[in-house]
Amino acid sequence: MALDDAIASLKRGEFVLLYDSGKRENEVDMVVAAQFVTPEHISRMRQNAGGLICLAIGDSFAKSLNLQYMHHILSRSSDMDSDSKQMIMGTAPYGDHPTFSISINHKQTYTGITDKDRALTIKEMANLYRSSNAKKEFISSFATPGHVPLLLASNGLLAKRQGHTEMSVYLAELAKLSPVTAICEMMDAQTYSALSMEKAQKFAKENAIPFIDGKELLEFSKVH
Ligand SMILES: O=C(CO)[C@H](O)[C@H](O)COP(=O)(O)O
Ligand SMILES: [Mg+2]
Ligand SMILES: [Mg+2]
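Below, the structure is looked at part by part. Because the structure is predicted, anything quoted here is derived from the model rather than measured.

So, about the sheet that holds strand β2 (residues 28-33). Here 7 strands make up an open sheet; going across it, the order is β4-β5-β3-β6-β2-β1-β9 and the pairing mixed. Both outer strands of the open sheet, β4 (100-106) and β9 (211-213), are each paired with one neighbouring strand and no more. Mean inter-strand twist for the sheet, computed between neighbouring axes without regard to direction, equals 40 degrees. Note that β4 and strand β5 (residues 142-152) share 5 bridges and pair antiparallel. Each bridged residue has a counterpart across the sheet, and for F100 the counterpart in β5 is L151. Here helix α7 (residues 164-174) sits on the sheet in contact with β1 (16-19), β2, β3 (54-57), β5 and β6 (180-185), set at roughly 140 degrees to β1. Contacts from helix α8 (residues 197-206) reach β1, β2 and β9, with the element oriented near 150 degrees to β9.

Now for the coordination of the magnesium ion (ligand 3). Geometry sets the ideal angles at a metal, namely 109.5 degrees for four tetrahedral donors and 90 or 180 degrees for six octahedral donors. Within the first shell, the magnesium ion (ligand 3) binds the protein through E25 (OE) and H164 (ND1), at distances of 2.0 to 2.2 Å. The distance between the magnesium ion (ligand 3) and the magnesium ion (ligand 2) comes to 3.8 Å, with E25 serving as a donor to both metals. Of the two residues, E25 is situated in the loop between β1 and β2 and H164 in helix α7; the sequence distance between them amounts to 139 residues. You can call E25 partly exposed: its relative accessible area is 24%.

Let us now look at the site of ligand 1. Taken together, 15 residues surround ligand 1, and among them R24, D29, R161, T165 and E185 come closest. One of the side-chain nitrogen or oxygen atoms of E25 is found 2.8 Å away from an oxygen atom of ligand 1. Residue D29 places a side-chain N or O atom 2.6 Å away from an oxygen atom belonging to ligand 1. Secondary-structure elements contributing two or more residues to the shell around ligand 1 are α7 and β6.

In terms of nonpolar packing, the biggest core is built from 43 residues, with M125 and F138 touching the most fellow members. Per element, the largest residue contribution to this core is 5 residues, and it comes from helix α5 (residues 115-128). Those residues in contact with F138 that sit more than four places away from it in its chain are L65, L67, I102, I104, M125, L128 and L150. Core analysis: the second largest hydrophobic core is formed by 24 residues, L18, A153, Y170 and I212 among them.

What follows covers the packing of aromatic side chains. Under the definition given, this model contains 2 aromatic pairs. Ring plane angle 85 degrees and centroid distance 5.3 Å describe the contact between F61 and Y129, whose orientation is recorded as edge-to-face. Here F61, found in helix α3 (residues 59-64), pairs with Y129, found in the loop between α5 and α6 (134-141); they are 68 residues apart in sequence, far enough to count as distant. By relative accessible area, which is 3% here, F61 ends up buried. Ring geometry for F138 and F142: centres 5.6 Å apart, planes at 40 degrees, overall tilted. Like F142, F138 is buried.

Let us look at the state of the cysteines. In this structure the tally under the stated criterion is 0 disulfides. The thiol of C54 is unpaired, and the distance to the nearest cysteine sulfur, on C184, comes to 7.6 Å. With a relative accessible area of 5%, C54 lands in the buried category.

Following the sequence through the fold, T121 ends up in helix α5. Engagement of the side chain of T121 in a polar contact is seen with the backbone nitrogen of H106, the distance being 2.9 Å. Setting aside anything within four residues of it in sequence, one finds T121 in contact with I104, N105, H106, T109, F142 and V148.

On to the packing of α7 against helix α9 (residues 214-223). Relative orientation of the contacting elements α7 and α9 amounts to 55 degrees, with a least axis distance of 11 Å. Overall, the two elements α7 and α9 adopt an arrangement that is oblique. Seen along the crossing, α7 lies across α9 with a hand that is left-handed. The segment α7 lies against α9, with M167, Y170, L171 and L174 engaging G214, L217, F220 and S221.

Conventions and cut-offs
- Residues numbered from 1 in each chain as written.
- Chains lettered and ligands numbered in written order.
- Predicted model: local features only at pLDDT ≥ 70, side-chain atom pairs only at ≥ 80, totals over all residues.
- Heavy atoms only, no water.
- Pairing = 2+ DSSP bridges.
- Helix = DSSP H or I, 4+ residues; strand = E, 2+ residues; numbered from the N terminus.
- Axes fitted to C-alpha atoms, helices over the stretch in contact; angles between N-to-C directions.
- Contact = heavy atoms within 4.5 Å.
- Donors = N, O, S within 2.8 Å, 3.2 Å for Na, K, Ca; no water.
- Buried < 20%, exposed > 50% of the residue type's maximum accessible area, 1.4 Å probe, protein only.
- Near = heavy atom within 4 Å.
- Polar contact = N/O pair within 3.5 Å; in protein donor to acceptor, adjacent residues only side chain to side chain.
- Core = buried A, V, L, I, M, F, W, Y, C linked by side-chain atoms within 4.5 Å.
- Phe/Tyr/Trp six-rings, centres within 6.5 Å; stacked < 30°, edge-to-face > 60°.
- Disulfide = S-S within 2.5 Å.
- Parallel < 35°, antiparallel > 145°, perpendicular 65-115°, else oblique.
- Left-handed = near helix turned anticlockwise from the far one by under 90°.

Shape descriptors only; they carry no functional weight alone.
Below you can see the structure in the form of structure tokens.
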């Protein structure tokens with residue numbers, strides 16, 4: 001079953017391709033468990049996916065760090081005038097709220113954007129999950145703004161929201177890994193749009209990467 005292969009791949013620190021649905025973004029993300037991330041993973045997401053490399057984190061971890069959604073931070077900001085607040089996107093065209101929070105760099109990075117820097121930021125965030133003093137270490141070891149956007153998974157995961165944020169964290173939990181995943185949308189260099197599900201499935205087959213359809217994952221989550 002594709003899900004067993006996906007869980008095994010995540011446990012080995014390898015990628016999974018994750019499709020949401022035609023009714024949503026109609027995008028396929030490359031997904032890897034953050035605790036295994038190396039500069040090579042970032043390089044492969046950059047070259048084989050090409051979207052925005054983000055870090056999705058589970059709800060209780062996000063709450064332990066007091067992380068908020070960016071659209072809430074901006075709405076509450078006194079630095080944004082009321083006219084400008086009309087720009088704040090609370091709902092995406094496909095109906096979901098964005099899961100963006102702040103963006104970060106680990107303080108030992110230099111510019112924050114190189115494969116080495118982003119791998120350090122991502123890996124150290126995953127390590128933080130196991131820390132007994134996560135909030136204190138988060139504040140002392142990371143800076144914002146940075147080059148790794150944090151995405152906050154909804155409490156209740158797929159029961160609440162069926163985005164790549166929640167689906168990737170759910171997969172990590174099924175794999176009994178830290179609920180922290182690095183994800184990146186796959187882009188199509190020929191069409192300048194998102195890579196189609198069909199082309200992504202072909203890439204998955206050619207590269208022996210498990211491909212997960214969000215529809216199946218949602219059905220699985222309803223009965224497990
Ligand atoms: O917009 C995004 C961040 O680059 C991507 O779509 C990512 O997949 C997370 O968002 P979502 O949970 O809405 O799919
Ligand atoms: Mg998106
Ligand atoms: Mg997405």
